[in-house]
Every structure is written in structure tokens, then in C-alpha cells.
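Structural description and commentary
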Amino acid sequence: KNGEEIVEKANKWRQKYHNDRDILIFYIGRITESKGVFELIEAFKKIKRKDIFLYLSGKVDDSIRYKLYELIKEDERIFLIDEETLPKPFEENEYLRMAYLYKAADIVVYPSKYEPFGLVPIEAIACEVPVLVRNIDNLENFVKEGIALGFNGNLKEALEIAVNLSLIHISE
């Protein structure tokens, strides 16, 4: 029953704020330079389609807050979700709150430049959401196993491929 509730709640949110054919790209995690967030935003801004949206969810590092706001303020397709959306691991039903976030996404992008483990991709994969990761450290194993898309260099091209694959999935 929880799985159906999660999908239903995520779908209601999507219907309230987006068209059926919109593509929602999510980044979930700490918003810091080392997580590749600025690179993600820059790559996303080069994609000019109006039906693709980027959601950033996580605690913003104070040292980059101004730079982040300056970077996203002029693009109506980029949204910063309050850090309250991040997990509080000792609260009851916390997994449900995070699952709603993942299920609202068409693609979860995790462009971290260094990642010894990578919990966000694991959670997204568990929620059956396509994941795009940088081919580094342990994240490379997700790509080798065929459970995530990987990229080495051009994040814009990788995003476009992921979006096209998502469109194929939506039209099925």
C-alpha cells in the first residue's frame, strides 16, 4: 500500500505544477561545489527547452549561497527546494518523505566530483527512477551494472541523452 500512496502523492504534486509531458530533473543532496551542482546548473541552462525543469533539493553550503542564487535567479525552470526536504534519519516514516521526492522525478542527476559511496543514487534506483552519475569512484559500479547512466565529460550531452531516454519511457 505504501508504494501506491507514494506514486499517487507524487503524481498529484506533478499534476498541480506541471504538464504531463514535462521532464523533471532532480538533484538531491548537499549543495556544495564538490557535488558538481554548479556544473549541473550550467549544463541545464544550455538546454533551451521550456518543458524541462531542474529541482535542487538540499542544504546549501553557506560559502556558495550567493553564487548559487545568482546562477539560478534568471531561469524560471530551476527551483531550489528548502533544505527541510533532506532526510532526518531518526524520524518515523522518513523513507516515505524521501520516496515522494524521488517518485516526482523523471531523472535524478548526481554529478558529484568525488563520492566514496553515493546513497542518493541507491535511493533513486530503489524508487525505480533513472539515475545519471559521473563515472567516478563507486558510482562507476552503478553504470557497469547497468542500473544507472554514466558520464565522463560533457554533462550537457549526458543530460540531453537522459532526457531523450525519459521521453521514450513517458511515451510508452
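Everything that follows concerns the structure shown earlier in this document.
Residues numbered from 1 in each chain as written. Predicted model: local features only at pLDDT ≥ 70, side-chain atom pairs only at ≥ 80, totals over all residues. Heavy atoms only, no water.

1. Concerning the overall build of the protein
Each helix and strand in the protein was counted, giving seven helices and six strands. Listing the helices and strands of the protein from first to last along the sequence gives α-β-α-β-α-β-α-β-α-β-α-β-α. Contacts in the protein between residues at least 24 apart in sequence constitute 63% of all its contacts with a sequence separation of at least 6. Accessible surface, the protein: about 9,600 Å² in total, of which carbon and sulfur atoms supply 52%. (Helix = DSSP H or I, 4+ residues; strand = E, 2+ residues; numbered from the N terminus. Contact = heavy atoms within 4.5 Å. Areas by Shrake-Rupley, 256 points an atom, 1.4 Å probe, with all protein chains shown as cover.)

2. Examining the side chain of His18
Tracing the sequence through the fold places His18 in the loop between helix 1 (2–17) and strand 1 (23–28). For His18, a relative accessible area of 8% corresponds to the buried category. For His18, the side chain forms a polar contact with the side chain of Asp22, separated by 3.2 Å. Within the local environment of His18, its side chain forms a polar contact with the side chain of Tyr55, the two groups lying 2.7 Å apart. In contact with His18, not counting residues within four places along its chain, are Trp13, Leu24, Phe53 and Tyr55. (Buried < 20%, exposed > 50% of the residue type's maximum accessible area, 1.4 Å probe, protein only. Polar contact = N/O pair within 3.5 Å; in protein donor to acceptor, adjacent residues only side chain to side chain.)

3. Focus on unusual backbone geometry
Of note in the backbone geometry, Glu128 takes a positive phi value of approximately 60° without being a glycine. By the element assignment, Glu128 lies in the loop between helix 5 (119–126) and strand 5 (131–134).

4. Considerations on the pairing of strand 3 (residues 78–81)
In this structure, strand 2 (residues 52–57) lies alongside strand 3, joined through four bridges in parallel fashion. By the bridge assignment, Leu56 is partnered in strand 3 with Leu80. Handedness of the β-α-β unit built from strand 2, helix 3 (residues 65–72) and strand 3 comes out right-handed. (Pairing = 2+ DSSP bridges. Right-handed = clockwise from strand over helix to strand, strands pointing away.)

5. Here we look at the pattern of salt bridges
Working definition: two side chains of opposite charge can pair if their charged atoms are close together. Under the counting rule described, the total for this entry stands at nine salt bridges. For Asp51, the salt bridge is made with Arg49, and the minimal N-O distance between the two is 2.7 Å. Asp51 gets classed as partly exposed once you look at its relative accessible area, which sits at 24%. Take Arg49: its relative accessible area is 31%, and that puts it in the partly exposed class. (Salt bridge = Lys/Arg side-chain N within 4 Å of Asp/Glu carboxyl O.)

6. Focus on the packing of helix 2 (residues 37–46) against helix 3
Between helix 2 and helix 3, whose axes approach to 11 Å, the crossing angle comes to 10°. Taken as axis vectors, helix 2 and helix 3 run roughly parallel relative to one another. Together, Phe38, Ile41, Glu42 and Lys45 of helix 2 and Lys67, Leu68, Leu71 and Ile72 of helix 3 make up the contact between the two elements. By residue class, the composition of the contact of helix 2 with helix 3 is five nonpolar, no polar and three charged. (Axes fitted to C-alpha atoms, helices over the stretch in contact; angles between N-to-C directions. Parallel < 35°, antiparallel > 145°, perpendicular 65-115°, else oblique. Nonpolar A, V, L, I, M, F, W, Y, C, P; charged D, E, K, R; others polar.)

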